[in-house]
Amino acid sequence: MLEAKFIASGSSFEEALEFSCGLTAKLYLGEEGFKRSSTIDIYCDNLKQAEKLDELLWETPKEVLLPHQLAHKQDSDEPIRIGYPGTKFLTQSISLINLSPDMPSTLDDYETYYQLVIMDGAELRKKAAAIWSELKKIGLKPEFLDQI
């Protein structure tokens, strides 16, 4: 059954992008109590955000090289793929990290869903709460991780 985990990830999209780099490394390497994910999809809010994350993942974290690509570039098969609305992840992955304030259209192909919660005290936080409610309606039991 799909596990859904919500994680506080800063107070802006910029902070959430940085946070997602560290989370991706922890998942890919199976560190700090996270189950190892040999394949990870990261869903961004738009192309600009996906391109920024693509750049950040080459630099952050400094001690780890994370093999990744933008999902619309299907010329290689990297284990970490970055997508945005309008792109499709073509093969199954173990984990999905969602940077978008909107729920992805499908979660069927994943073992673990990570919703990054931007703690802006306003609209983005409310959207995360709406996703939480939607997941409960479909029978999932989301969990909130305050610190990682």
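Above this note sits the structure.
Notes on the structure follow. (Residues numbered from 1 in each chain as written. Predicted model: local features only at pLDDT ≥ 70, side-chain atom pairs only at ≥ 80, totals over all residues. Heavy atoms only, no water.)

1. So, the overall build of the protein
Note the cut-off: The secondary structure listing takes helices from DSSP runs of H or I that are at least 4 residues long and strands from runs of E that are at least 2 residues long, numbered from the N terminus. C-alpha atoms define the radius of gyration in this analysis, and the globule rule sets the expected value at 2.2 Å times the number of residues to the power 0.38. Exposure classes here rest on a 1.4 Å probe applied to the protein chains alone. A residue is buried below 20% of its type maximum, exposed above 50%, and partly exposed in between. Contacts were defined at the residue level, with two residues in contact if any of their heavy atoms lie within 4.5 Å.
Helix and strand counts for the protein stand at three helices and seven strands. Mapped from its N terminus to its C terminus, the protein presents α and β elements in the order β-α-β-α-β-β-β-β-α-β. What you see for the protein is a C-alpha radius of gyration of 14 Å, in line with the 15 Å of a compact globule of 148 residues. With the principal axes as the frame, the protein shows a C-alpha extent of 35 × 30 × 30 Å. A total of 148 residues make up the protein; the buried ones form 49% of that total. For the protein, the share of sequence-separated contacts (at least 6 apart) that also reach a separation of at least 24 residues comes to 61%.

2. Considerations on the sheet that holds strand β5 (residues 95–98)
Which entries qualify depends on this criterion: Should DSSP find at least two bridges between two strands, the strands are taken to pair. Orientation is described by axes fitted as lines to C-alpha atoms, over the contacting stretch for helices, and by angles from 0 to 180 degrees between their N-to-C directions.
Strands sit in the order β3-β4-β2-β5-β6-β1-β7 across an open sheet of seven strands; the sheet is parallel. Strands at the two margins of the open sheet, each flanked by one partner only, are β3 (68–70) and β7 (143–145). Taken pair by pair, the neighbouring strands of this sheet meet at an average axis angle of 20°, ignoring direction. Relative to strand β6 (residues 112–117), strand β1 (residues 3–8) runs parallel, the two sharing six bridges. Counted as the bridge partner of Ala4 is Tyr113 from β6. On the sheet, helix α1 (residues 13–29) packs against β1, β2 (40–43), β4 (80–83), β5 and β6 and is oriented at approximately 155° with respect to β6. Against the sheet, helix α2 (residues 47–59) makes contact with β2, β3 and β4, and its axis sits at roughly 160° relative to β3, the strand it touches most.

3. Quick word on a negative patch on the surface
For the record, the criterion: Each patch is built from residues lacking any salt bridge and having more than 30% relative accessible area; the joining distance is 9 Å for like charges and 5 Å for nonpolar side chains (Val, Leu, Ile, Met, Phe, Trp, Tyr). Accessible surface is estimated by sampling points in the Shrake-Rupley manner with a 1.4 Å probe; for residues, cover comes only from the protein chains shown. Every case where a carboxyl oxygen of Asp or Glu lies within 4 Å of a side-chain nitrogen of Lys or Arg is listed as a salt bridge. Only four residue types enter the tally: Lys and Arg on the positive side, Asp and Glu on the negative side, with His and both chain ends excluded. To locate a charge, take NZ of a lysine, CZ of an arginine, CG of an aspartate or CD of a glutamate.
The grouping of Glu18, Glu51, Glu55 and Glu59 at the surface amounts to a negative patch. Examining the composition of the negative patch, we find that three residues originate from one element, α2, more than from any other.

4. Details of unusual backbone geometry
Note the cis peptide between Thr60 and Pro61, where omega equals -10°. The phi dihedral of Glu32 falls on the positive side, at around 55°, and the residue is not glycine. Its location among the elements puts Glu32 in the loop between α1 and β2.

5. Describing the packing of aromatic side chains
Let me state the cut-off plainly: Two aromatic rings, drawn from Phe, Tyr or Trp (for Trp, its six-membered ring), form a pair once their centres lie within 6.5 Å of each other, and the interplanar angle then sorts them: stacked below 30 degrees, edge-to-face above 60, tilted otherwise. Counted as over-ring charges are cases with an Arg CZ or a Lys NZ within 6 Å of the ring centre that also lie within 35 degrees of the ring normal.
What the rule picks out here adds up to two aromatic pairs. On the basis of an interplanar angle of 65° and a centroid distance of 5.0 Å, the ring pair of Phe6 and Trp132 is categorised as edge-to-face. A residue pair is termed long-range when its members are at least 10 positions apart, and Phe6 in strand β1 and Trp132 in helix α3 (residues 123–137) qualify at 126 residues. Cation over ring: Arg36 sits above Tyr28, and NZ or CZ is 5.6 Å from the ring centre.

6. Comments concerning the state of the cysteines
Note the following rule: Two cysteine sulfur atoms make up a disulfide if the distance between them is within 2.5 Å.
Counted according to the given criterion, the structure contains zero disulfides. Unpaired in this structure, Cys21 has its nearest cysteine sulfur neighbour in Cys44, at a distance of 9.7 Å. Using a relative accessible area of 0% as the deciding quantity, one classes Cys44 as buried.

7. What about the side chain of Ser95?
Within the secondary structure layout, Ser95 lies in strand β5. Under the relative-accessibility criterion, Ser95 is labelled buried at 1%. In contact with Ser95, not counting residues within four places along its chain, are Leu27, Ser37, Thr39, Ile40, Asp41, Tyr110, Thr112 and Tyr114.

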